[in-house]
Amino acid sequence: MDRTLIILGIESSCDDTAAAVVRQRPGQRGEILSSVVFGQGDLHAAFGGIVPEIAARAHAEKLDIAVEQALTEADMALSDMDAVAVTAGPGLIGGVLSGVMCAKGIAAGARLPLIGVNHLAGHALTPRLIDGIAFPYLMLLVSGGHCQFLLVRGVDSFLRLGGTIDDAPGEAFDKAARLLGLPQPGGPSVEREARGGEARRFALPRPLLDRPGCDLSFSGLKTALLRARNRLVEAQGGLRHQDRADLCAGFQAAVVDVLAEKSRRALGEYMALGPAEPVFAVAGGVAANKAIRTELETVSQEAGARFLAPPIALCTDNAAMIAWAGIERYRQGGRDDMSLAARPRWPLDSRSPALLGSGRKGAKA
Ligand code: KG4
Ligand code: ZN
C-alpha cells in the first residue's frame, strides 16, 4: 500500500497514559505530529511501586483527555485518521483494558480500522520510526519492566536471543536506590551517586557470565548489595556518604559489565547472519544511563555494528511508538476487530520458552 497514512496511537500498559498522532508519507520516515504522555508517578509514590488498581483508574480518567490533546496538537480530527492503534498487551491488565476499550469506542464511533499492537513491538520498531533502518537489526530492551535481546527480522518477526530470568535492570536500580535510601526512580539517583564513587571497593557479582548464552539475571546482584550495605551498617552503625557513592558505583559497574558481555554475545549471533547494514539499537529507560550507553556503543562499534539509541522520550513508554507499529502493521494488511482482547502476557517470540520472574509490568513477556 503506497499512500500517506496517519494513525492515532494509544498506550496505557503500565504507569503512563499516552496518545500520539504519527504520519508516514510513502517511502519516508515517520513524522510524530503529537505525542502526549501523562505520568502517574505522584499517584504511586507513597506505595513504593505501581498499584495496578490505581493505575487502571487513572488511565480510564486520562485516556480521553490524552487523545483529545494529541489530536489538537496535531491540528487534526478523528476523521483525518486512517486507523487507531492501541497497546493490547503485555502489561498490567486493568490499564491495557482501559486503552483497548477506549480504542474500540473511537474505532466504532469514527468508523476507523482498529489495530492491536504488542507493546514490546512498539519499542522494538522505534528505530525504524526515527531512522528508517532496514531489517534485520539487533535490539536490547532495558527498562523497569523489560530486559531482552531481540533479533528484529520483520514487522511481525522477532527472535528472542535472551532475556532476564528474574528482575529487569531498571527494577534492580530502583531496588538498589531503596536499599541505600535514595529517591525514586532509582536509576538516575544511583547514576548521580556513582559519579563520586570507587567501583572497585566492593566485590559485587556479575551474574550468569559463567554460563553461555544471552540470558541475564540481576536479583543476585541486588542481594549482594544488600549484604555489603548490612555489613557496613553493622560495623559502623550506618552509611557514610562515601560508602553510598562506592556502593552505587560498584552496582552500576556490575550492571554495565553484564549488559556489555551479553551484548557482545548477542552481537556475535547477529553478525554471523551477515546483515548488509548492521545496527544495534537500545530502548527503555535504563538506556538513559550514560555509563551503560557509552559501554554499549563501544561494544557495538567493536563488533562492526552502528549503534542507535533513540531520544529518551522515545526510549521510555509513549504512544508514538504504538502509532508507528500500527502504521507498519497496517501497511502489511494487519487489522483487528471488536474481538481484540487485552493480554497480560504476550511474548513477541512465541517459540521462546516463558521466562521466570515477574517485574513491575507483571510476568515478563
Ligand atoms: O522505560 P521506562 O521509563 O519504564 C518502564 O519500565 O517501562 O524505564 C524506567 C526505568 C526505571 O526503573 C528507572 O530507574 C530506569 O528506567 N532508569 C535508569 C536511568 N533512568 C531511568 N536506570 C539507570 N540509569 C538511569 N539514568
Ligand atoms: Zn515499555
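None of the values given here were measured: they were computed from a predicted structure.

Rules of the game
Residues numbered from 1 in each chain as written. Chains lettered and ligands numbered in written order. Predicted model: local features only at pLDDT ≥ 70, side-chain atom pairs only at ≥ 80, totals over all residues. Heavy atoms only, no water. 1 Å grid on protein atoms, 1.4 Å probe; cavity = no way out; pocket = protein on both sides within 12 Å on 5 of 7 lines; lining within 4 Å. Points joined across faces, edges and corners; volume = space filled by probe spheres on them. Helix = DSSP H or I, 4+ residues; strand = E, 2+ residues; numbered from the N terminus. Nonpolar A, V, L, I, M, F, W, Y, C, P; charged D, E, K, R; others polar. Domains from an automatic or database assignment. Disulfide = S-S within 2.5 Å. Buried < 20%, exposed > 50% of the residue type's maximum accessible area, 1.4 Å probe, protein only. Pairing = 2+ DSSP bridges. Axes fitted to C-alpha atoms, helices over the stretch in contact; angles between N-to-C directions. Contact = heavy atoms within 4.5 Å.

Student: Looking at this model, I keep getting lost on the layout of surface pockets. Mind explaining?
Tutor: Think of a ball as big as a water molecule: rolled over the atoms, this probe shows where empty space is left. Size it by volume and the second largest pocket reaches roughly 230 Å³. As for the second largest pocket, its lining consists of 15 residues, of which Asn 118, Asp 156, Phe 158, Trp 346 and Leu 348 are closest to the centre. Counting only elements with at least two residues in the lining of the second largest pocket, the list comes to strand E5 (114-118), helix H4 (119-131) and helix H11 (320-331). For the lining of the second largest pocket, the class distribution of residues is nine nonpolar, three polar and three charged. The two domains that each donate at least three residues to the lining of the second largest pocket are domain 1 (5-131 + 316-363) and domain 2 (137-313).

Student: Explain the state of the cysteines here, please?
Tutor: By the definition in use, this model includes zero disulfides. Cys 102 takes part in no disulfide bond, and the closest cysteine sulfur, belonging to Cys 14, lies 18 Å away. Note on Cys 102: relative accessible area 11%, which makes it buried. The thiol sulfur of Cys 248 is not disulfide-bonded, and the nearest other cysteine sulfur, from Cys 147, lies at 20 Å.

Student: Is there a simple way to think about unusual backbone geometry in this case?
Tutor: Backbone geometry follows two general trends: most residues other than glycine have a negative phi, and most peptide bonds adopt the trans configuration. Residues Gly 89 and Pro 90 are joined by a peptide bond in cis, for which omega reads -10°. Its location among the elements puts Pro 90 in the loop between strand E4 (83-89) and helix H3 (93-110). Omega for the peptide link from Phe 135 to Pro 136 comes to -5°, which places this bond in the cis form. Secondary-structure assignment places Pro 136 in the loop between H4 and strand E6 (137-142). With a phi angle near 60°, Asp 75 is a residue other than glycine that sits in the positive phi range. Located in the positive-phi region is Leu 208, a residue other than glycine, with phi close to 70°. Tracing the sequence through the fold places Leu 208 in the loop between helix H6 (186-194) and helix H7 (219-236). A relative accessible area of 12% means that Leu 208 is categorised as buried.

Student: I tried to follow the pairing of E6 on my own but got confused; where do I start?
Tutor: Each regular strand displays side chains that alternate between the two surfaces of the sheet. For E6, a buried count of six out of six residues is recorded, marking the element as mostly surrounded by other parts of the structure. Pairing analysis gives six bridges linking E6 to strand E7 (residues 147-154), with the strands arranged antiparallel. Along E7, the bridge assignment pairs Tyr 137 with Val 152. Hairpin connection between E6 and E7: a loop of four residues separates the two successive antiparallel strands.

Student: Is there a simple way to think about the sheet that holds E6 in this case?
Tutor: Sheet strands line up and pair through hydrogen bonds in the backbone, either parallel or antiparallel. Taken together, five strands build an open sheet; the order of strands is E8-E7-E6-E9-E10 and the sheet is mixed. With partners counted over all chains shown, the strands left at the sheet margins are strand E8 (157-163) and strand E10 (306-308), one partner each. Each neighbouring strand pair of the sheet contributes to a mean axis angle of 25°, computed without reference to strand direction. Packing of helix H8 (residues 241-271) onto the sheet brings it into contact with E6, E7, E8 and strand E9 (279-283), and relative to E6 it is tilted by some 155°.

Student: Is there a simple way to explain the sheet that holds strand E3 (residues 30-39) in this structure?
Tutor: Across the sheet, which stays open at both edges, the five strands sit in the order E3-E2-E1-E4-E5 with mixed pairing between neighbours. The open sheet has two edge strands, E3 and E5, and neither has a second partner. Put simply, the sheet's adjacent strands are angled 20° from each other on average, direction ignored. Sheet topology note: the strand E1 (residues 5-11)/E4 ladder contains four bridges and is parallel. Paired with Gly 9 across the strands is Ala 85, a residue of E4. Those strands touched by H4 are E1, strand E2 (16-24), E3, E4 and E5, and its axis lies near 95° from that of E5. Strand contacts of H11: E1, E2, E3, E4 and E5, with the helix running at about 130° to E1, the strand carrying the most contacts.

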